[in-house]
There are 2 protein chains.
Amino acid sequence: MAQQQAREGRLRPARRLTLAEDVYESIKTLVMDHILPPGERVNIDALARELDVSPTPVREALARLEADGLVRKRPLSGYTTTPLLSRAEFDDLFDVRLLLEGATAGRAATHATAVQRQRISAEAGASIDVEAGDGYRRHATFTTLDATFHDLIAEAAGSPLLRDSITRLHSHLHLHRLYFPPNGAPDTTIEHQRIADAIIAGDSRAAADAMRAHLTAARERHLPAFDRLRAPEAPHGSA
Amino acid sequence: MAQQQAREGRLRPARRLTLAEDVYESIKTLVMDHILPPGERVNIDALARELDVSPTPVREALARLEADGLVRKRPLSGYTTTPLLSRAEFDDLFDVRLLLEGATAGRAATHATAVQRQRISAEAGASIDVEAGDGYRRHATFTTLDATFHDLIAEAAGSPLLRDSITRLHSHLHLHRLYFPPNGAPDTTIEHQRIADAIIAGDSRAAADAMRAHLTAARERHLPAFDRLRAPEAPHGSA
DNA sequence: CAACGCAACATCCTATAGGAAATAGGTTCG
DNA sequence: CGAACCTATTTCCTATAGGATGTTGCGTTG
């Protein structure tokens, strides 16, 4: 069976070492970008055919994704992508982010190394270039940039456990509606700059405050997304 | 192939609905109880034979366990159980617990329902009976009781995300050396009572303080475990 | 016309087989 | 005596086939 070599993976980038790992990344991207719509059923065999692999590694990747909270598994009914965040879940998410990332920013101000401070500052400045782009692509680049900035701070805090928790939270954030707040990019850039400045200065209190202010503002910016579409907040809503 | 019905699962309790789920719980228990020693290699086929299932569900369970942080996967070298917590990781764990569980206790004091307060109080009182027992069994019951108490509070806080994060943290705690601190049970019971009382009273500030005091004391109690065995803290330590 | 029951279908779940890579042990050379 | 190389074994990784179960559509009946 030498077909293994002949196959050319469609959407996976030059297989790392194990197939399951690549499949995991591929499916994760599909879910993050809503190519697999939230709440939709996920057909294992179809996915395997699409990715040109056998169902086994797909199943393995799905199991990891379930632990990440991106898909759910109903015992004898298969996998489904996690539905969109409800308003309550959205609020909960930002409450926890406020707690975790606030403390993280404070720690980063005191624990970060010189090179880490430099990278954080650079990333905060890079956010300006986001203006260019068109529609969806713009949204994607902005989201990635924002995630990178926050992860850089989480890394600088010097707590692997905190960083893991925050990363997990961020993947949940992608389950939010694809909504690009008007003037969100400039405001975000300014707020990022403030956070970066406080961390550079080594001011723990100021960094934590700046981060909390940023998250509160971001939460406010994203709130209108719930009014755009009258999406099913609850399975049997009455309003 | 009717052997599926004839098989009598060795250490799984009356299969739930999917085999992979049972296998997941079984392996999780094996790791938690150090029946699979930390840092050891995990042979998929051997595990499958031991549990009387095919390697496929074992692989799936292992993938979930990896996301939980209980096992690690080296690309072409198989799975290994996560090694024991180093001193730095232990400190990190309690730092994050202090942050998360402190806030959680405070929220529980204001958000908990009447029945939740009642259950928390009952669980705090039940801790007294731990005195009975012998060696390992005593350790296991105590650990379970403590985990239940903390989870009850996390549930009462009304934040699913916070609860998930804390649960994940607790599973990491089980990677600590199996060490039963002298007089740990009575002290723990008293501290649990204080936390429960504050939550019952609805005093958010007092609940958070009591929880932080409890965790600080627990951290102190477990510290001697690092001196007992001169375990490899770092791969190439110099001290 | 609606609700219930039945049957066919699709899908998931598990088991088995075979190819490829890494690890371990022995041997040989410097 | 030590280190490097080679070989054999073990183990992992992927693919495929078959049985069990949930779901869906249609027909029938009240």
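Details of the structure are given in the entry above.
Residues numbered from 1 in each chain as written. Chains lettered and ligands numbered in written order. Predicted model: local features only at pLDDT ≥ 70, side-chain atom pairs only at ≥ 80, totals over all residues. Heavy atoms only, no water.

Student: Before we move on, can you summarise the overall build of chain A with the specific residues and values?
Tutor: For chain A, the helix and strand inventory stands at 11 helices and 3 strands. Listing each helix as α and each strand as β along chain A from the N terminus yields α-α-β-α-α-β-β-α-α-α-α-α-α-α. Considering only intrachain contacts with a sequence separation of at least 6, the fraction spanning at least 24 residues in chain A is 76%. Total accessible area on chain A stands at roughly 12,200 Å², and carbon and sulfur atoms take up 54% of it. (Helix = DSSP H or I, 4+ residues; strand = E, 2+ residues; numbered from the N terminus. Contact = heavy atoms within 4.5 Å. Areas by Shrake-Rupley, 256 points an atom, 1.4 Å probe, with all protein chains shown as cover.)

Student: Run through helix H8 (residues 160–173) of chain B, naming residues and quoting values.
Tutor: The end-to-end C-alpha separation of H8 of chain B is 20 Å, in line with the 20 Å expected for 14 residues at 1.5 Å each. For H8 of chain B, every residue scored as buried is listed here: Leu161, Leu162, Ser165, Ile166, Arg168, Leu169, His170, Ser171 and His172 of chain B. (Expected span 1.5 Å × (residues − 1). Buried < 20%, exposed > 50% of the residue type's maximum accessible area, 1.4 Å probe, protein only.)

Student: Report on the relation of the copies chain B and chain A, specifying residues and quantitative values.
Tutor: Once turned by 180° and shifted 0.0 Å along the axis, chain B lies on chain A with an RMSD of 0.0 Å. Here the two chains are linked by the operation of a two-fold rotation axis. (Least-squares fit on C-alpha atoms with pLDDT ≥ 70 in both.)

Student: Help me get a handle on the sheet that holds strand S3 (residues 78–81) of chain A, residues and values and all.
Tutor: All names here are of chain A. The antiparallel open sheet is built from 3 strands, whose spatial order is S1-S3-S2. The open sheet has two edge strands, strand S1 (41–42) and strand S2 (71–74), and neither has a second partner. Sheet topology places S2 next to S3; 4 bridges connect them, and they run antiparallel. Its bridge partner lying in S3, Arg74 is registered against Gly78. Lying on the sheet, helix H4 (residues 55–68) is in contact with S1, S2 and S3; it crosses S2 at an angle near 110°. (Pairing = 2+ DSSP bridges. Axes fitted to C-alpha atoms, helices over the stretch in contact; angles between N-to-C directions.)

Student: Outline the packing of aromatic side chains, listing residues and values.
Tutor: Taken as a whole and assessed by the stated rule, the structure comprises 4 aromatic pairs over all chains. With a centroid separation of 5.1 Å and 75° between ring planes, the pair formed by Phe90 of chain A and Phe226 of chain A is classed as edge-to-face. Pair noted here: Phe90 of chain A is in helix H5 (residues 87–111) and Phe226 of chain A is in helix H11 (residues 225–228), with a separation of 136 residues, a long-range link. The residues Phe90 of chain A and Phe226 of chain A share a single accessibility class, namely buried. Three or more aromatic residues link up through ring pairs in this structure, and these residues are Phe90, Phe94 and Phe226 of chain A. Lying over the aromatic face of Phe94 of chain A, Arg97 of chain A brings its terminal NZ or CZ to 5.3 Å of the ring centre. The ring of Phe226 of chain B has Arg87 of chain B lying over it, and the distance from NZ or CZ to the ring centre is 5.9 Å. (Phe/Tyr/Trp six-rings, centres within 6.5 Å; stacked < 30°, edge-to-face > 60°. Lys NZ or Arg CZ within 6 Å of the ring centre and 35° of its normal.)

Student: So what's going on with the nonpolar core? Which residues, and what values?
Tutor: With 62 residues, the main nonpolar core has Ile27, Val58 and Leu62 of chain A together with Ile27, Val58 and Leu62 of chain B as its most contacted residues. In contact with Val58 of chain B, other than residues within four places in its own chain, are Val23, Ile27, Ile44, Leu47, Ala48 and Val53 of chain B. (Core = buried A, V, L, I, M, F, W, Y, C linked by side-chain atoms within 4.5 Å.)

Student: Provide a residue-level description of the interface of chain B and chain A, including the pertinent values.
Tutor: At the junction of the two partners, chain B supplies 28 residues and chain A supplies 28 residues. Between the two partners, chain B and chain A, sit 8 salt bridges. Between Arg59 of chain A and Glu60 of chain B there is a salt bridge, and its shortest N-O distance comes to 3.8 Å. Where chain B meets chain A, there are 8 residue pairs in polar contact (both at pLDDT 80 or more). Every element with two or more residues in the side of chain B that touches chain A is listed here: helix H4 (55–68), helix H5 (87–111) and H8 of chain B. Here the side of chain B that touches chain A takes 8 residues from H5 of chain B, the largest share from any one element. (Salt bridge = Lys/Arg side-chain N within 4 Å of Asp/Glu carboxyl O. Polar contact = N/O pair within 3.5 Å; in protein donor to acceptor, adjacent residues only side chain to side chain.)

Student: Please provide a residue-by-residue account of the side chain of Arg117 of chain B, values included.
Tutor: Residue and element names in this part refer to chain B. Structurally, Arg117 can be placed in helix H6 (residues 114–126). No salt bridge is formed by the buried Arg117; its nearest oppositely charged neighbour, Asp203, is found at 10 Å. Of note is the side chain of Arg117, whose polar atom sits 3.1 Å from the backbone oxygen of Ala109. Among the polar contacts made by the side chain of Arg117, one reaches the main-chain carbonyl oxygen of Ile199 at a distance of 2.6 Å. Every residue in contact with Arg117, bar those within four places of it in the chain, is listed here: Ala108, Ala109, Thr110, Ala112, Ile199, Ile200 and Gly202. (Lys, Arg positive; Asp, Glu negative; His and termini not counted.)

Student: Tell me about the sheet that holds strand S1 (residues 41–42) of chain B, and please be specific about residues and values.
Tutor: Here 3 strands make up an open sheet; going across it, the order is S1-S3-S2 (chain B) and the pairing antiparallel. Single-partner strands in this sheet number two, and they are S1 and strand S2 (71–74) of chain B.

Student: Explain empty space enclosed by the protein to me, and be specific about the residues and the numbers.
Tutor: Enumeration over the complete set of coordinates arrives at 1 cavity of 30 Å³ or more. The computed volume of the largest cavity comes to approximately 50 Å³. Glu66, Lys73 and Tyr79 of chain A together with Ala20, Glu21, Tyr24, Glu60, Ala61 and Arg64 of chain B together form the lining of the largest cavity. For the lining of the largest cavity, the elements supplying multiple residues, two or more each, are helix H2 (19–32) and H4 of chain B. Here the residues of the lining of the largest cavity are counted per class, giving 4 nonpolar, no polar and 5 charged. (1 Å grid on protein atoms, 1.4 Å probe; cavity = no way out; pocket = protein on both sides within 12 Å on 5 of 7 lines; lining within 4 Å. Points joined across faces, edges and corners; volume = space filled by probe spheres on them. Nonpolar A, V, L, I, M, F, W, Y, C, P; charged D, E, K, R; others polar.)

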